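# Notes for the structure review
The residues making up each chain are set out below.
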Amino acid sequence: MSSHDAPDLAALRPRLPSPLVDVVDERFHRRGVRLLLKRDDLIHPELIGNKWRKLAPNLAAAAGRPVLTFGGAYSNHLRATAAAGRLLGLRTVGVVRGQELADRPLNPSLARCAADGMRLHFVDRATYRRKTDPDTLAAILRATCAEDAYVVPEGGSNERAVRGCLALGEELRDHADVVAVACGTGGTLAGLAAGLAPGRRALGIPVLKGGFLTAATETLQIRAFGSRRGDWTLDDRFHCGGYARTTPELDAFADDFEERHGLSVERLYVAKLLYGLVTLTEEGAFPRGTTLAAVVTGRPEPGRPEPGRAEH
């Protein structure tokens, strides 16, 4: 692909709009709340959920140039970017947090990135924290021989990604009163909220502790649209200790949801979202008659037992 050719994203055949399915669960039903699942995990087998929505506009903007991006050792974003590179014939570079990982065998997540052709470049944590500093970024680009690369931020959240997630809100605007999504960087929430119809609202469930996502989401909306958009809030109570942290209670909840509904539940984002929504419903946060949509942004790692076949 030449540096002037935009990749043909239509060739990937995304399933859009993603399916919207009713879930009958007495914990919601007895409170008069209708639960819908927005199955963004079914958009594409490898570019799953909000990864598709955020990456697609950035891949188009890259216009055939190499794509360099950032993530931790288990980053879904790195895996999705690597898969996109393989599928579209784009060179990809993943800058990985943790210099100590360079001398260890690759974990399954990073091994998948490498198998998809991504060049992995490990940096120490202090450098990683400074990755948006122009001098630090320039040094990383030189070190990876990718000075001409199109740079995508960690998690894929920039103004293009936010505008890409606008369609998620537009797909749901006539179907739900409240739309809830698990949040890592705020990009999906920023676009989703802007796409909803007046009178509808978005709810973000952060999966990281720290309480920084309100400012981050607002900043992304200002960059993408020029101002804060839509009616949205965050509830910080359900991160279970931080990113990639779970608790026995959360695991038991996710196992139970899988048994009830035959749906594999991704633990780091989706389980926290659904757990939060059950708790909020039982607290009376949603008036009777509310239609509540939960966005399923990912699926479990391969190798997890199927619902009903869990090993005890």
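In case you missed it, the structure is sitting above this.
So, a few notes on the structure that sits alongside this text. Note that the structure is predicted; figures quoted are calculated from it, not measured. (Residues numbered from 1 in each chain as written. Predicted model: local features only at pLDDT ≥ 70, side-chain atom pairs only at ≥ 80, totals over all residues. Heavy atoms only, no water.)

With that settled, consider the packing of helix α3 (residues 76-88) against helix α4 (residues 108-115). For the pair α3 and α4, the least separation of the axes is 8 Å and the interaxial angle reads 20°. For the element pair α3 / α4, the angle class is roughly parallel. Note that α3 runs across α4; the crossing there is left-handed. Taking contact as the criterion, the partners of Leu-78, Arg-79 and Ala-82 in α3 are, on α4, Ser-109, Leu-110, Arg-112 and Cys-113. (Axes fitted to C-alpha atoms, helices over the stretch in contact; angles between N-to-C directions. Helix = DSSP H or I, 4+ residues; strand = E, 2+ residues; numbered from the N terminus. Parallel < 35°, antiparallel > 145°, perpendicular 65-115°, else oblique. Left-handed = near helix turned anticlockwise from the far one by under 90°. Contact = heavy atoms within 4.5 Å.)

Moving on, we get to α3. An ideal rise of 1.5 Å per residue puts 18 Å on 13 residues; α3 measures up with 18 Å between its terminal C-alpha atoms. α3 sits mainly inside the fold: 10 of its 13 residues count as buried. Along α3, the residues that are buried comprise His-77, Leu-78, Arg-79, Ala-80, Thr-81, Ala-82, Ala-83, Ala-84, Gly-85 and Leu-88. On its buried face, α3 is in contact with α2 (50-62), β3 (67-71), β4 (92-97) and α4. For α3, the side-chain oxygen to backbone nitrogen distance between the N-cap and His-77 is 3.2 Å, and the N-cap itself is Ser-75. Gly-89 occupies a position one or two residues after α3 and carries a positive phi of about 75°. (Expected span 1.5 Å × (residues − 1). Buried < 20%, exposed > 50% of the residue type's maximum accessible area, 1.4 Å probe, protein only. Polar contact = N/O pair within 3.5 Å; in protein donor to acceptor, adjacent residues only side chain to side chain.)

With that settled, consider the environment of Glu-170. Looking at the secondary structure, you find Glu-170 in helix α7 (residues 159-172). The sequence separation of Glu-170 and Ala-194 amounts to 24 residues, and the corresponding C-alpha distance is 8.6 Å.

Along α4, the residues classified as buried are Ser-109, Leu-110 and Cys-113. Seen along its axis, α4 keeps its buried residues to an arc of 90°; they face one direction. Turned more than 90 degrees off the buried face of α4, the exposed positions are Pro-108 and Ala-115. Elements that come into contact with the buried residues of α4 comprise α3, β4 and β5 (119-123). Its side-chain oxygen placed 2.9 Å from the backbone nitrogen of Ser-109, Asn-107 serves as the N-cap of α4. One or two positions beyond α4, positive phi appears at Gly-117, with a value near 95°. (Arc of directions from axis to C-beta.)

Our focus in this paragraph is the nonpolar core. Judged by nonpolar contacts, the single largest core of 32 residues is most densely connected at Leu-203, Leu-274, Leu-277, Phe-286 and Leu-292. Elements with a contribution of two residues or more to this core: β2 (34-38), β7 (178-183), β8 (201-206), α10 (248-261), α11 (270-282) and β10 (291-295). Per-element tally for this core: the top contributor is α11, with 8 residues. With near-sequence residues (within four places) excluded, Leu-292 lies in contact with Phe-28, Val-33, Arg-34, Leu-35, Leu-36, Val-178, Leu-277, Thr-281 and Phe-286. (Core = buried A, V, L, I, M, F, W, Y, C linked by side-chain atoms within 4.5 Å.)

Paired through backbone hydrogen bonds, the strands of a sheet run either parallel or antiparallel to each other. Sheet architecture is open: 6 strands sit in the order β1-β2-β10-β7-β8-β9, paired in mixed fashion. Both outer strands of the open sheet, β1 (20-23) and β9 (231-234), are each paired with one neighbouring strand and no more. When the angles between neighbouring strand axes are averaged without regard to direction, this sheet yields 25°. Where β2 meets β10, 5 bridges bridge the pair, whose relative direction is parallel. The partner of Leu-36 across the bridge, within β10, is Ala-293. In the packing of helix α9 (residues 213-225) onto the sheet, the strands contacted are β7, β8 and β9, and the crossing angle to β9 comes to about 150°. Packing of α11 onto the sheet brings it into contact with β2, β7, β8 and β10, and relative to β10 it is tilted by some 160°. (Pairing = 2+ DSSP bridges.)

So, about the pattern of salt bridges. As enumerated under the stated definition, the model contains 23 salt bridges in all. Among the salt bridges present, the one from Asp-256 reaches Arg-27, with a minimum N-O distance of 3.6 Å. With Asp-256 in helix α10 and Arg-27 in helix α1 (residues 26-29), the pair connects residues that are 229 residues apart, well separated along the chain. When salt bridges with common partners are traced through the structure, they connect Asp-25, Glu-26, Arg-27, Asp-256 and Arg-260 into a single cluster. (Salt bridge = Lys/Arg side-chain N within 4 Å of Asp/Glu carboxyl O.)

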